[in-house]
Amino acid sequence: KLHEKVSFRAFVRANLMTEEVVRTMKATNFTLVRFGAETGSEELLKQIKGANVSIEDAQRTIDLAHKYKIPSSGSFMFGIPGETKADLDITFNFLKRNKKKSFKIEGFYAMIPFHGTEMHKIAKEKGLLPNDEDLDFTRFNPAMLNKSFTWDRYIYLNEENIPFGEFKQIMKKFQKEYGP
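In this convention, every chain numbers its residues from 1, walking through the sequence in written order. Per-residue local features are limited, in this predicted model, to residues with pLDDT of at least 70; the limit for side-chain atom pairs, both in listing and counting, is 80 or more; totals at the level of whole chains, interfaces and linings are taken over all residues. The side-chain figures draw on all heavy atoms in the structure; neither hydrogens nor water molecules are used.

Engineer: Honestly, helix α3 (residues 55–67) in this entry has me stumped. Any pointers?
Structural biologist: Because each turn of an α-helix spans 3.6 residues, side chains separated by three or four positions in sequence point in the same direction. Starting at the N terminus, helices and strands are each numbered in turn, a helix being any DSSP run of H or I of at least four residues and a strand any DSSP run of E of at least two. Given a helix with a known number of residues, its expected span is that number minus one, times 1.5 Å. Taking 1.5 Å of rise per residue, 13 residues should cover 18 Å, and α3 covers 18 Å from first to last C-alpha, within 8% of that figure. Note on exposure labels: buried denotes an accessible area under 20% of the residue type's maximum, exposed denotes more than 50%, and partly exposed covers the range between, all computed with a 1.4 Å probe on protein chains only. Every buried residue of α3 is listed here: I55, D57, A58, Q59, T61, I62, L64 and A65.

Engineer: Looking at this structure, I do not really get the packing of aromatic side chains. What am I missing?
Structural biologist: Two aromatic rings are characterised by how far apart their centres lie and by the angle between their planes. Only rings of Phe, Tyr and Trp enter the pairing, Trp through its six-membered ring, and a pair is recorded when the two centres are within 6.5 Å. The plane angle decides the type: under 30 degrees is stacked, over 60 is edge-to-face, the rest tilted. Under the counting rule described, the total for this entry stands at 13 aromatic pairs. Centroid distance F78 to F108: 5.0 Å. Interplanar angle 80°. Geometry classified as edge-to-face. With F78 in strand β3 (residues 72–78) and F108 in strand β4 (residues 103–110), this residue pair connects regions lying 30 residues apart in the sequence. Each member of the pair F78 and F108 is classed as buried. Judged by centre distance (4.9 Å) and plane angle (65°), the rings of F92 and F174 are edge-to-face. Highlighted residues: F92 in helix α4 (residues 85–98) and F174 in helix α6 (residues 164–178), separated in sequence by 82 residues.

Engineer: Just checking my understanding: could you explain the side chain of S72 for this structure?
Structural biologist: The topology assignment puts S72 in strand β3. What makes S72 buried here is its relative accessible area of 1%. Those residues in contact with S72 that lie beyond four places of it in its chain are L32, V33, I62, A65, S102, F103 and K104. The contact rule is simple, with two residues in contact once any of their heavy atoms fall within 4.5 Å.

Engineer: Help me understand the sheet that holds strand β1 (residues 8–12), please; the structure alone is not making it clear to me.
Structural biologist: Paired through backbone hydrogen bonds, the strands of a sheet run either parallel or antiparallel to each other. Two strands are said to pair when DSSP picks up at least two bridges between them. Spatial ordering of the open sheet is given by β1-β2-β3-β4, a layout of 4 strands whose pairing is parallel. Unpaired on one side and paired on the other, β1 and β4 mark the two borders of the sheet. Sheet twist, expressed as the average angle between the axes of neighbouring strands with direction ignored, equals 20°. Of the strand pairs in this sheet, β3 and β4 are connected by 7 bridges, and their pairing is parallel. When the sheet's bridge partners are listed, G74 is paired in β4 with I105. To define axes, lines are fitted to C-alpha atoms, for helices over the stretch in contact only, and angles between the resulting N-to-C directions are given on a 0 to 180 degree scale. Relative to the sheet, α3 contacts β1, β2 (30–38), β3 and β4, its axis offset from that of β2 by approximately 165°.

And the structure:
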């Protein structure tokens, strides 16, 4: 009866969530299901996480958590090389569609091209990053919903698709709608 005395939170992979898993989570007193949704765009999600994860997985996770009355939350990534205004619109619509399902935005994060990732390779190939030895990762300042977030040190890697000034305005709209 430990589950009656303590509660649990889980960070999950959306592509592994099933009704059986969520039912078990409910029975064992999980109070939050969190996952890295990353984007509402199927194409960008494949680019970030590979072929094994889909927007359908994210939606199923939200729907199952809602069905079993377990709040869910997701984090999202922006400024991804190749991201378009249409991708941002798709993500914004995904968020709107799920707002009433006990789904919270855990965070909006700037895409960080960590060494060894596909995003790092893409950013290097496009000449968007300095030599790795000179790369100051603190300049990515990823948590866009934090009050300490600042645009003046932000390294933006998607200028070819959305000019930085326009991207800032779009993100301010997101922050206003979903921020603290």
